[in-house]
Amino acid sequence: MTLARVLLQSLKSFGAKQVWGIPGDFILPFFREMEQSQILPVYSLSHEPSVAFAADASGRLHEGIGVLAVTYGAGALNSVNAVAQAYAERSPLVVLAGMPSQSEMELGLQLHHQVKSIDSQVHIFKEITCAQVRLDNLDHAAEKIARALKQCKEQSRPVLIEIPRNMASEHFSELIINRPIEEPVCASTEKCVQDLLHIIGKAQRPIVLAGVEVKRYDVEAQFCRWVSELDVPCFTTLMGKGIAEEFEDSPVQGTYLGEAGDPRVAAIVQQADLVIFVGAILSDSNFAISAETLAGRQAVFIEHREVNLGHYSYHGIALKTILSQLEAFATPKTWAFHLPHANNDCDDTLATQGAIAPMMIAEALNRCFDKYGRLPVASDVGDCLFVSQGLKGTSVVAPGYYASMGFGVPAGFGIQATTGRRPVVLVGDGAFQMTGMELGHCRRYGFTPIVVLLNNQGWEMIRAFAPDSQAADLGLWPFADMAQHFGGVGIRVSSPEALEQALCQAFEDFSQFYLIDVQIPKGCMTPSLAHFAKVLTAKQNMARSEPIT
């Protein structure tokens, strides 16, 4: 067996479902091995960020890993932004990058795709991966592959594996098998759990806020059993939207966005005397808009390998271990919540005027989910991310923290290739201009996403922060017209009735992709985005005005 085939078998053993890639001369020998061996399906798209986004989405969906294969330099460096997003948002991703052979490097010439030195590629990737290995020696290849893949799974972050052009077809007989990691017996586990139980037991109004690690480390079922047994209010963060949404009797009651979100959720959180964060990334997108609400409340932070109880911490304990212990000792009691009245009425001015407001899209999709069945959702950033918070009972993948545009369409491909389920894609017109052309690959691979394009002729997220910015204006592009040339159906809608009809048509037709170009009045945005921008802008202005000491 060749080194390439051993690597592919190893990736499959660690949970990879496919490889996303773009061929180039330094990675071509590896592509030949992939195509001939058929160990994993190979999907090639048009641009390296797209293959990285698709692989990232694949890694987020299951207890496995996403994989992309790109050529040396020009290919790998073109994927840097998307790989950085996977690192920031803790997505298990394997970057397979081509390399020149040793004989080429010894020529003493500048090689094409080379930057400053032969090693520029690995130096750059050290900032956005948790491990980097080069398979330039068969004697150590097995050890390097196993180490990289284990770190990818353990840290739930990207790794880089460089494959010199001449090594892919080298004969190699050593197999690397994914063996379950033996969790070390941590002497502090019992004391940590006792402290957690004591803090929770003393509280009168505790709540749980769940973050992405609950999904990344495949502990949703454990988490749900613990929260259900404890019987306390539970919400997700902005990034955690979709956690346990498709679980029967899920204890998750919605997403907490402070004043920018559901006021009924905010009312419960505002009364809490203990906030239990589980697997949450403490980012500005998750919590800056709600800092005042959370300030002054006791909090504990339960993360993979670290539990922080405020004035002291425990290290080295797996998230799965902590949750299993908490589940075993969970004791429900009568919690002292008294909910104030909260008005959740929405502004229906646009509805009476016959136009489409962004949140109408979430409402229409929820009706389709009830009528036709739930579909998984890939959301891009911008206002469509806030629209996705209104979806009910379905899983969502979205870049809620790093927030790089262009994720939506290729992420939809990642969902369908990995799960076999047809996805809904929420994307704005600005992000669609970046990766929307990838829909041309749907015919090749049988992808049939329902793409709902929020078209307000601009970058509404930028307008929210800078209403007077002319740079945010994109003009009106005929997106729906392109769909038929790519083998799909394109429909332009500008009224709630037309939106409902188009969605029903798309849900009923499984044979092709749909691109529903939703015309939204310029400057119209969700209340959540408007408030989010207002609060963050105020905090940024405050930070700028504070004197430097």
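This structure is a prediction, so every number in the text was calculated from the model and none was measured.

A. Seen up close, the overall build of the protein chain. When helices and strands are counted, the protein chain shows 25 helices and 19 strands. Compactness check: the protein chain gives a C-alpha radius of gyration of 24 Å against a globular reference of 24 Å for 549 residues, within 12% of the reference. The principal-axis extent of the C-alpha atoms belonging to the protein chain is close to 75 × 65 × 55 Å. Across the 549 residues of the protein chain, 59% fall into the buried class. For the protein chain, restricting intrachain contacts to residue pairs at least 6 apart in sequence, the fraction spanning at least 24 positions comes to 78%. Put simply, the protein chain shows about 22600 Å² of open surface, and 51% of that area lies on carbon and sulfur atoms. One way to put it: in the protein chain the 42 positive side-chain charges average out to a point 2 Å from where the 58 negative ones average out.

B. View of the sheet that holds strand β13 (residues 313-315). Judged by pairing direction, the sheet is mixed, and its seven strands sit side by side in the order β9-β8-β7-β10-β11-β12-β13 without closing on themselves. Taken across any chain shown, the strands that pair with only one partner, and hence form the sheet edges, are β9 (252-255) and β13. Each adjacent strand pair in this sheet contributes to an overall mean axis angle of 20°, direction not counted. With respect to the sheet, helix α12 (residues 263-271) is in contact with β7 (206-210), β8 (234-236) and β9, its orientation differing from that of β8 by roughly 120°. Running at roughly 125° to strand β11 (residues 298-303), helix α15 (residues 319-329) makes contact with β10 (274-278), β11 and β12 (306-308) of the sheet.

C. How the structure looks around the nonpolar core. Phe223, Trp226 and Val278 are the most contacted members of the largest nonpolar core, which has 50 residues in total. Residue assignment for this core shows that the elements contributing at least two residues are α9 (189-202), β7, α11 (220-230), β8, α12, β10, β11 and α15. When near neighbours in sequence (up to four residues on either side) are disregarded, Phe223 contacts Val208, Ala210, Val214, Cys234, Val252, Val278 and Leu323. Grouped together as the second largest cluster of nonpolar side chains are 47 residues, Ala52, Cys442, Val451 and Phe513 included.

D. Local environment of the sheet that holds strand β3 (residues 66-70). Taken together, the six strands give an open sheet; going across it, the order is β2-β1-β3-β4-β6-β5, and neighbouring strands pair in parallel fashion. What marks the edges here is a single partner per strand, and that holds for β2 (42-44) and β5 (132-134). Between one strand and the next, the sheet's axes are offset by a mean angle of 20°, whatever the strand orientation. Bridge count between strand β1 (residues 19-21) and β3: two bridges; the pairing is parallel. Paired with Gly21 across the two strands is Ala69, which belongs to β3.

E. Main features of the packing of helix α1 (residues 3-13) against helix α2 (residues 28-37). Direction vectors running N to C along α1 and α2 enclose 65°, while the axes themselves pass 9 Å from each other. Along this stretch, α1 crosses α2, giving a crossing that reads as right-handed. Side by side, α1 and α2 meet where Ala4, Arg5, Leu7 and Leu8 of the first sit next to Phe30, Glu33, Met34, Gln36 and Ser37 of the second. By residue class, the composition of the contact of α1 with α2 is five nonpolar, two polar and two charged.

F. Region of interest: the packing of α11 against α15. For the pair α11 and α15, the least separation of the axes is 9 Å and the interaxial angle reads 30°. Comparing the axis directions of α11 and α15 gives the class roughly parallel. Taken as a pair, α11 and α15 cross one another with a handedness that is left-handed. From α11, Gln222, Phe223, Arg225 and Trp226 reach across to α15, where they touch Lys320, Leu323, Ser324, Leu326 and Glu327.

G. Spatial organisation of unusual backbone geometry. Located in the positive-phi region is Arg90, a residue other than glycine, with phi close to 60°. Looking at where Arg90 falls in the secondary structure, it is placed in the loop between α5 (80-88) and β4 (93-99). In this structure, His113 takes a positive phi of about 75° despite not being glycine. Relative to the elements of secondary structure, His113 occurs in the loop between α6 (102-105) and α7 (120-125). On the accessibility criterion, His113 (33% relative accessible area) is partly exposed.

H. View of the pattern of salt bridges. Summed over the entire model, instances satisfying the criterion amount to 21 salt bridges. We note a salt bridge from Glu500 to Arg367, for which the minimum N-O separation is 2.7 Å. Of this pair, Glu500 sits in helix α24 (residues 496-508) while Arg367 sits in helix α17 (residues 358-372); the two residues are 133 residues apart in sequence, bridging distant segments of the chain. Residue classification places Glu500 among the partly exposed residues on the basis of a relative accessible area of 22%. For Arg367, a relative accessible area of 42% translates into the label partly exposed. Overlapping salt bridges, with partners in common, bring together Asp56, Arg60 and Glu89 in one network.

I. The arrangement of the environment of Ile176 in detail. Positionally, Ile176 belongs in the loop between β6 (159-164) and α9. In the structure, Ile176 is positioned 287 residues away from Arg463 in sequence and 51 Å away in space, judged by C-alpha atoms. Beyond its immediate stretch of four places on either side in the chain, Ile176 contacts Val6, Ser10, Ser13, Phe14, Ala142, Ile145 and Ala146.

J. A look at the pairing of strand β16 (residues 424-428). Most of β16 sits out of view: five of its five residues are buried. Of the two faces of β16, both are covered, the one formed by Val424, Leu426 and Gly428 as well as the one formed by Val425 and Val427. Relative to β16, strand β14 (residues 377-379) is paired through three bridges, and the arrangement is parallel. The partner of Ala378 across the bridge, within β16, is Val425. Bridge analysis of β16 against strand β17 (residues 450-455) gives five bridges, and the strand direction is parallel. Residue pairing across strands places Val424 opposite Ile450, the latter belonging to β17.

K. Representation of empty space enclosed by the protein. Applying the stated criterion across every chain yields a total of one cavity of 30 Å³ or more. Along the wall of the largest cavity there are 14 residues; nearest its centre are Lys215, Arg216, Met239, Lys241 and Val396. Looking at the lining of the largest cavity, the elements that each hand over two or more residues are α3 (48-61), α10 (213-216) and β15 (396-397).

L. Quick peek at the packing of aromatic side chains. Under the definition given, this model contains 15 aromatic pairs. Plain terms: the ring middles of Trp20 and Tyr43 are 4.7 Å apart, the flat faces sit at 25° to each other, and that makes the pair stacked. Taken together, the residues span a long stretch of sequence, with Trp20 in strand β1 and Tyr43 in strand β2 at a distance of 23 residues. The exposure classification of Trp20 matches that of Tyr43, with both residues buried. Ring geometry for Phe277 and Phe301: centres 4.7 Å apart, planes at 10°, overall stacked. Placement of the pair is Phe277 in strand β10 and Phe301 in strand β11, with a sequence separation of 24 residues. Members of the aromatic cluster, connected to one another through ring pairs, are Trp20, Tyr43, Phe413, Tyr445 and Phe447. The ring of Tyr87 has Arg157 lying over it, and the distance from NZ or CZ to the ring centre is 4.3 Å. Sitting above the plane of the Phe510 ring, Arg422 keeps its charged end 5.5 Å from the centroid.

Parameters at a glance
Residues numbered from 1 in each chain as written. Predicted model: local features only at pLDDT ≥ 70, side-chain atom pairs only at ≥ 80, totals over all residues. Heavy atoms only, no water. Helix = DSSP H or I, 4+ residues; strand = E, 2+ residues; numbered from the N terminus. Rg over C-alpha atoms; globule rule 2.2 N^0.38 Å. Buried < 20%, exposed > 50% of the residue type's maximum accessible area, 1.4 Å probe, protein only. Contact = heavy atoms within 4.5 Å. Areas by Shrake-Rupley, 256 points an atom, 1.4 Å probe, with all protein chains shown as cover. Lys, Arg positive; Asp, Glu negative; His and termini not counted. Charge placed at Lys NZ, Arg CZ, Asp CG, Glu CD. Pairing = 2+ DSSP bridges. Axes fitted to C-alpha atoms, helices over the stretch in contact; angles between N-to-C directions. Core = buried A, V, L, I, M, F, W, Y, C linked by side-chain atoms within 4.5 Å. Left-handed = near helix turned anticlockwise from the far one by under 90°. Nonpolar A, V, L, I, M, F, W, Y, C, P; charged D, E, K, R; others polar. Parallel < 35°, antiparallel > 145°, perpendicular 65-115°, else oblique. Salt bridge = Lys/Arg side-chain N within 4 Å of Asp/Glu carboxyl O. 1 Å grid on protein atoms, 1.4 Å probe; cavity = no way out; pocket = protein on both sides within 12 Å on 5 of 7 lines; lining within 4 Å. Points joined across faces, edges and corners; volume = space filled by probe spheres on them. Phe/Tyr/Trp six-rings, centres within 6.5 Å; stacked < 30°, edge-to-face > 60°. Lys NZ or Arg CZ within 6 Å of the ring centre and 35° of its normal.

In short, geometric facts, not functional conclusions.
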